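Chain by chain, the residues run as shown.
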Number of protein chains: 2
Amino acid sequence: MLSHLLQNILSSLNPARIGKAAPLRGRRVTAMAKKGKASQGRWRNPGRIWGLAMVASLALNLTLVVVLVVFLYKDHSGGLGTCAAGAAKESKVAAAAPPLVQDKEDMAAGQEIAVSATSGTRPVSKDSVINLDHGDPTMFESFWRWMGDRGSIVIPAWQTMSYFSDVTNVCWFLEPEFAQEVRRLHNLIGNAVTQDRYIVVGTGSTQLFQAALYALSPSDASEPISVVSAVPYYSSYPAVTGYLRSGLFRWAGDAYTYKGDKYIELVCSPNNPDGSIREAVLNSEAGRTIHDLAYYWPQYTPISSPADHDIMLFTVSKSTGHAGTRLGWAMVKDKDVAKKMVKFIELNTIGVSKDSQLRAAKILKVVSDGYELPNTENTSKLFDYGRRLMTMRWEKLREAVKASGIFSLPEFPSSTCKFTGERTVTNPAFAWLKCEKEGIEDCESFLRSHGMLTRSGRHFGVEPKYVRVSMLDRDETFELLIERLSSLN
Amino acid sequence: MLSHLLQNILSSLNPARIGKAAPLRGRRVTAMAKKGKASQGRWRNPGRIWGLAMVASLALNLTLVVVLVVFLYKDHSGGLGTCAAGAAKESKVAAAAPPLVQDKEDMAAGQEIAVSATSGTRPVSKDSVINLDHGDPTMFESFWRWMGDRGSIVIPAWQTMSYFSDVTNVCWFLEPEFAQEVRRLHNLIGNAVTQDRYIVVGTGSTQLFQAALYALSPSDASEPISVVSAVPYYSSYPAVTGYLRSGLFRWAGDAYTYKGDKYIELVCSPNNPDGSIREAVLNSEAGRTIHDLAYYWPQYTPISSPADHDIMLFTVSKSTGHAGTRLGWAMVKDKDVAKKMVKFIELNTIGVSKDSQLRAAKILKVVSDGYELPNTENTSKLFDYGRRLMTMRWEKLREAVKASGIFSLPEFPSSTCKFTGERTVTNPAFAWLKCEKEGIEDCESFLRSHGMLTRSGRHFGVEPKYVRVSMLDRDETFELLIERLSSLN
């Protein structure tokens, strides 16, 4: 059984087996072998030191060119892009009897991460408990293994030792090469307006979310501003808003039932947990919005147009799969808001890891290169890989759910993705599963008793008949999920 | 002038010129000369094309460096041409009498970092404004350049992608190899008890400080717990405690004047800003302490014994100089406190950059190796390097202060360092300078008018006759400081 699993794991490391890319594998190996020979030949002649000196010199050239380009880039400015909020009508999920706000807060704060012995690990046998509670994006590991050294970074001990990255920037701890690759990627994908936007880098989008709350809260108000989001909302929102009992902002629950004209509304689109495409529910002059666009990437949803909101949050966790790097970025329209977000991060962590920024810059570069460099193999295109895998997984999940006859899943309309040019549906990072069978009120407990850890609807402000199931785990975990769901009835 | 500066910069990159290490320099230079000859021999072999390519690459490097320097110079010369213009950029306003607690909080929150055009940069001319406001530990850069590739890390794109590092650990996002090197280094130096202690990793010790406040605050109290520290206290404490107006804890100022038996006392030792060795001022069953030991390392102070407090905070910023890596660690006695600190970091940033942890693990390893591996050169011992440099700088500073006749500095008793075995005094990371001259009430403004940015005593809870001056900047900045202080009277 173990050897079977091992085989599964090994084969899962080869993205070429997904979809049509298989034939390219052979070609790549040959090319690499040739390269190896060539460099062996070169080693003997000029000697190691010259090779190294040359590489070092070229690397210095490259660094200097990048630094220069950044300098030149700073002088460049252009006009504002047009506003085109690209969002379809979202589907509201019924909320039966959500618990009280305070209960929800305590519950969420206590259980948000729920680290168990199975978190982040591979199942060791067919009977293992599988953990699909978190959105740990380990499915992308296969892609990056396949890419080999292309995404590697080297950081010498003397590099980026200072607190400061670029004091001429509003965000003084933002590494210029990371900012450059962020703009390049958004322009390639067409999922966000980048012109005349301030980039604020954060220790994951969770830190940026708090920075945005801090920036949008009036500092002179007599009581904290209300923070709301339409149900089902991301389970972290109440916990992260409430854990310090801030006098600046407080969690106020479902946006649909909120009364008042001063608020901060959180809009997650595609939505975590249910994958719906969303727009703000409330509308008031005094209201403010934060758009969490962690999942607005082509592997999850058709890209309808460049998003153009006041504050947009993104993260490498969900775009490229690098959750452990803890890196996110905000695209911010207003300079004063950007400045206040930067102030929050100064006070919270005195900036953001330069190592993570350098690594993410390289990762994003490799992703863009995969599309922009000539003659790139299909297997080097991250979003193509992601979309193929997500489409396959959703097909399998829908079959398994149908076979069991006791669950239901949301349906999504299809539309044309402006990035791929293809007509596709949303394939969310989470399955929002509902137990339809009579007698099962608590779907999370039911699935847990069958060895599957998921997150109850209660954490998302709705009834416990719903659970959120991660679709981003490794192949062998996902296969076990499909097997088990199919066998339930 | 530029060539003079360039020479300065190049010479500052060689740590061997500090203190007694000079003889080693000769040895090393000879070795390098030999290497040079050997490679000259190789010049003839590899053929013209390599020579030409190398020359072309080096020429391009040189061109780019020149262009960059011109750019940098152009960018800054406008603001920094004269001291007055540079000073005008800074918006700090002089205040004669120390303001009230609330004012101080707002002030500190607004100006804590005070990023100016000179932050983190080298002075471009003899007249440049020099920024000694922050404790940016750039002086360590020379050491790490000298160490070459020894501290470099390579991170492949597929590594540490998961949120989780080790779910069997209380701190599930702590990389095991980082934890191992932390324990190894403390055991080597003898500055902290490691046995039966939980390690909690944080995005710098600033995040850990907040995690500790969260962990020590009673969750059922009707009002926030008071957070105090003896004057002069670190200027970030009020700002970081207060910026979110938490209902769990609130800044309550000077520990000496605090009345009550419930509190959290912050003890920084050696103290930022004044370098004094400290113990808790308050004593109550219900009181809690957090020990900030960022500067309890042999380059700053004799190590008297392994510190053994409930919560001890450390950071790579001040121990090895890697401020940009944003990495700190807490040594925690109580498991429940450690768990609550971990919960804070979960909610605040969902863990800590794995890239920073891998890098810090390597850096700490190289530091310990420098002492524990046989036949290591003296120049590879970080703390020896740091102590020699700090001793030299403090001697120069005391001479300059004496020459001017208008300042005073704290004096420190000498004692035997259990790590080095030598009798030494404290050489703090900051100079706590007092203007003794009549008529100068605001020392920070006075120094600013002479092109030196420092941090006023007001931010530390005391009178503006005091300023804090960073002793950790690069050589050329420090030399300018000495020149200017000596010439004042």
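Residues numbered from 1 in each chain as written. Chains lettered and ligands numbered in written order. Predicted model: local features only at pLDDT ≥ 70, side-chain atom pairs only at ≥ 80, totals over all residues. Heavy atoms only, no water.

- As named in an unreviewed UniProt entry, chain A is Tryptophan aminotransferase-related protein 1, taken from Cocos nucifera.
- UniProt annotates chain A under Cofactor (unreviewed entry) with the comment "pyridoxal 5'-phosphate".
- UniProt, in its Sequence similarities (unreviewed entry) section for chain A, records the words "Belongs to the alliinase family." (UniProt positions renumbered as here; feature names shortened; annotations may be inferred.)

Brief notes about the overall build of chain A
Phase 1: A tally of helices and strands in chain A yields 14 helices and 16 strands.
Phase 2: A total of 489 residues make up chain A; the buried ones form 60% of that total.
Phase 3: A separation of at least 24 residues holds for 76% of the contacts in chain A among residues at least 6 apart in sequence.
Phase 4: With an accessible surface of roughly 19400 Å², chain A has 54% of that area assigned to carbon and sulfur atoms. (Helix = DSSP H or I, 4+ residues; strand = E, 2+ residues; numbered from the N terminus. Buried < 20%, exposed > 50% of the residue type's maximum accessible area, 1.4 Å probe, protein only. Contact = heavy atoms within 4.5 Å. Areas by Shrake-Rupley, 256 points an atom, 1.4 Å probe, with all protein chains shown as cover.)

As for the environment of A:G370
Phase 1: By the secondary structure assignment, A:G370 is in helix 11 (residues 354-372).
Phase 2: A:G370 sits in the buried class, given a relative accessible area of 2%.

As for the nonpolar core
One recurring pattern in soluble globular proteins: nonpolar side chains tend to sit buried together.
Phase 1: Among the nonpolar cores identified, the biggest contains 244 residues, and A:W144, A:M341, A:F407, B:W144, B:M341 and B:F407 are the most heavily contacted of them.
Phase 2: In this structure, B:M341 is in contact with B:V200, B:L208, B:A211, B:A212, B:A215, B:I311, B:A330 and B:V332, ignoring residues within four places of it in sequence. (Core = buried A, V, L, I, M, F, W, Y, C linked by side-chain atoms within 4.5 Å.)

Section: the sheet that holds strand 5 (residues 249-254) of chain A
Residues and elements named next belong to chain A.
Phase 1: Strand order in the open sheet made by the seven strands is 3-9-8-7-6-4-5, with mixed pairing throughout. Of all the strands in the sheet, just strand 3 (198-202) and strand 5 have a single pairing partner and so form its edges. On average, each strand axis in the sheet is inclined to that of its neighbour by 25°, with strand direction left out of account.
Phase 2: Direction of pairing for strand 8 (residues 311-315) relative to strand 9 (residues 328-332): antiparallel, over a ladder of five bridges. Across the sheet, residue M312 finds its bridge partner in strand 9, namely M331.
Phase 3: Against the sheet, helix 7 (residues 204-216) engages strand 3, strand 4 (225-229), strand 5, strand 6 (264-268), strand 7 (288-292), strand 8 and strand 9, with an angle of about 165° to strand 8.
Phase 4: Across the sheet, helix 10 (residues 335-349) lies against strand 3, strand 8 and strand 9, angled at about 15° from strand 3, the strand it touches most. (Pairing = 2+ DSSP bridges. Axes fitted to C-alpha atoms, helices over the stretch in contact; angles between N-to-C directions.)

Focus: the sheet that holds strand 4 (residues 225-229) of chain B
Residue and element names in this part refer to chain B.
Phase 1: Taking strand neighbours across the sheet as the criterion, the seven strands line up as 3-9-8-7-6-4-5 in an open arrangement whose pairing is mixed. The sheet terminates laterally at strand 3 (198-202) and strand 5 (249-254), the two strands that pair on one side only. The sheet shows a mean angle of 25° between the axes of neighbouring strands, direction not considered.
Phase 2: Summarising the sheet, strand 4 and strand 5 pair through five bridges and their orientation is parallel. Paired with S229 across the two strands is D254, which belongs to strand 5.

Focus: helix 12 (residues 354-372) of chain B
Residues and elements named next belong to chain B.
Phase 1: Here helix 12 contains 19 residues, and its C-alpha end-to-end distance of 26 Å stays within 8% of the 27 Å for a straight helix at 1.5 Å per residue.
Phase 2: Counting buried residues along helix 12, 16 of its 19 residues qualify, which places the element largely inside the surrounding structure.
Phase 3: The distance from a side-chain oxygen at the start of helix 12 to the backbone nitrogen of D355 is 3.2 Å, and the residue carrying that oxygen is S353. (Expected span 1.5 Å × (residues − 1). Polar contact = N/O pair within 3.5 Å; in protein donor to acceptor, adjacent residues only side chain to side chain.)

Thoughts on helix 11 (residues 335-349) of chain B
Residues and elements named next belong to chain B.
Phase 1: Taking 1.5 Å of rise per residue, the 15 residues of helix 11 would be expected to cover 21 Å, and the 21 Å separating its terminal C-alpha atoms lies within 8% of that figure.
Phase 2: When you tally the buried positions in helix 11, you get 11 out of 15 residues, the bulk of the element.
Phase 3: All buried positions along helix 11 are accounted for by V337, A338, M341, V342, K343, F344, I345, E346, L347, N348 and T349.
Phase 4: In this structure D334 caps helix 11, since a side-chain oxygen of it lies 3.0 Å from the backbone nitrogen of D336.
Phase 5: Two residues or fewer past helix 11, I350 is found with a positive phi of approximately 45°.

A closer look at the pattern of salt bridges
Residue and element names in this part refer to chain A.
Phase 1: If you walk through the whole model with that rule in mind, you get 40 salt bridges over all chains.
Phase 2: Note that K396 and E479 form a salt bridge whose closest N and O atoms lie 2.8 Å from each other. Of this pair, K396 sits in helix 12 (residues 382-404) while E479 sits in helix 14 (residues 475-487), placing them 83 residues apart in sequence.
Phase 3: Judged by its relative accessible area of 29%, K396 falls in the partly exposed class.
Phase 4: Look at E479 and you get partly exposed, because its relative accessible area is 29%. (Salt bridge = Lys/Arg side-chain N within 4 Å of Asp/Glu carboxyl O.)

Focus on the environment of A:E175
Residue and element names in this part refer to chain A.
Phase 1: For E175, the location among the structural elements is in the loop between strand 2 (153-155) and helix 6 (176-189).
Phase 2: Judged by relative accessible area, E175 falls into the buried class, the value being 8%.
Phase 3: Considered as a pair, E175 and Q357 are 182 residues apart in the sequence and their alpha carbons are 6.5 Å apart.

So, the state of the cysteines
All names here are of chain B.
Phase 1: If you walk through the whole model with that rule in mind, you get two disulfides over all chains.
Phase 2: Covalently, C435 is tied to C443 through a disulfide, its sulfur atoms 2.4 Å apart. As the torsion about the S-S bond is roughly 60°, the C435-C443 disulfide counts as right-handed. Across the pair, C443 and C435 agree in class, each one buried. (Disulfide = S-S within 2.5 Å.)

Remarks on the packing of helix 13 (residues 382-404) of chain B against helix 15 (residues 475-487) of chain B
Helices that pack against each other are described as a pair by the angle of their axes relative to one another and the distance between those axes.
All names here are of chain B.
Phase 1: Axis separation between helix 13 and helix 15 bottoms out at 7 Å; the angle between their running directions is 20°. Classified by the angle between their axes, helix 13 and helix 15 sit roughly parallel to one another. Judged by the twist between their axes, the crossing of helix 13 over helix 15 is left-handed. Contacts from L389, R393, K396, L397, A400, A403 and S404 in helix 13 reach D475, F478, E479, I482, L485 and S486 in helix 15.
Phase 2: Considering only residue class, the contact of helix 13 with helix 15 consists of seven nonpolar, two polar and four charged. (Parallel < 35°, antiparallel > 145°, perpendicular 65-115°, else oblique. Left-handed = near helix turned anticlockwise from the far one by under 90°. Nonpolar A, V, L, I, M, F, W, Y, C, P; charged D, E, K, R; others polar.)

A word on the pairing of strand 7 of chain A
Residue and element names in this part refer to chain A.
Phase 1: For strand 7, the buried fraction is high: four of the five residues fall into the buried class.
Phase 2: Looking at chain direction, strand 6 and strand 7 are connected through five bridges and run parallel. The residue bridging E265 from the neighbouring strand is T289, located in strand 7.
Phase 3: Across two bridges, the pairing between strand 7 and strand 8 is parallel. Of the residues in strand 8, the one forming a bridge with H291 is M312.

Describing unusual backbone geometry
Phase 1: In this structure, B:P270 follows B:S269 across a cis peptide bond, with omega equal to -10°.
Phase 2: A positive phi is found at A:D196, a non-glycine position, where the angle reads about 55°.
Phase 3: Positioned with a positive phi, A:R245 is a non-glycine residue whose angle comes to about 45°.

What to know about the confidence of the model for chain A
Residues and elements named next belong to chain A.
Phase 1: When pLDDT is averaged along chain A, the result is 83; 77% of the residues meet or exceed 70.
Phase 2: Across residues 19-47, where pLDDT falls below 50, the model places 23 contacts with residues more than four positions away in sequence or in other chains.
Phase 3: For the stretch residues 65-111, pLDDT sits under 50, and the model shows 78 contacts to residues farther than four places along the chain or on other chains. (pLDDT = per-residue confidence, 0-100.)

Quick notes on the pairing of strand 8 (residues 311-315) of chain B
Phase 1: Along strand 8 of chain B, five of the five residues are buried, which leaves the element largely enclosed by surrounding structure.
Phase 2: A two-sided burial pattern is seen for strand 8 of chain B, the buried positions comprising B:I311, B:L313 and B:T315 on one face and B:M312 and B:F314 on the other.

Focus on the environment of A:V129
Residues and elements named next belong to chain A.
Phase 1: Examined against the element boundaries, V129 turns out to sit in the loop between helix 4 (101-111) and strand 1 (130-131).
Phase 2: Here V129 falls in the partly exposed class, since its relative accessible area comes to 40%.
Phase 3: Spatially, the C-alpha atom of V129 lies 8.2 Å from that of H450, the residues being 321 residues apart in sequence.

Re the packing of aromatic side chains
Aromatic ring pairs are reported here in terms of the distance separating the ring centres and the angle at which the planes meet.
Phase 1: Inspection of the entire model under this criterion finds 51 aromatic pairs over all chains.
Phase 2: With a centroid separation of 5.3 Å and 40° between ring planes, the pair formed by A:F143 and A:Y385 is classed as tilted. Taken together, the residues A:F143 in helix 5 (residues 141-146) and A:Y385 in helix 12 connect sequence positions 242 residues apart.
Phase 3: The exposure class of A:F143 is buried, given its relative accessible area of 1%.
Phase 4: Given the relative accessible area of 1%, A:Y385 is considered buried.
Phase 5: On the numbers, 5.4 Å between centres and 75° between planes, the contact of B:W432 with B:F460 is edge-to-face. Of this pair, B:W432 sits in strand 13 (residues 430-435) while B:F460 sits in the loop between strand 15 (455-456) and strand 16 (466-470), placing them 28 residues apart in sequence. (Phe/Tyr/Trp six-rings, centres within 6.5 Å; stacked < 30°, edge-to-face > 60°.)

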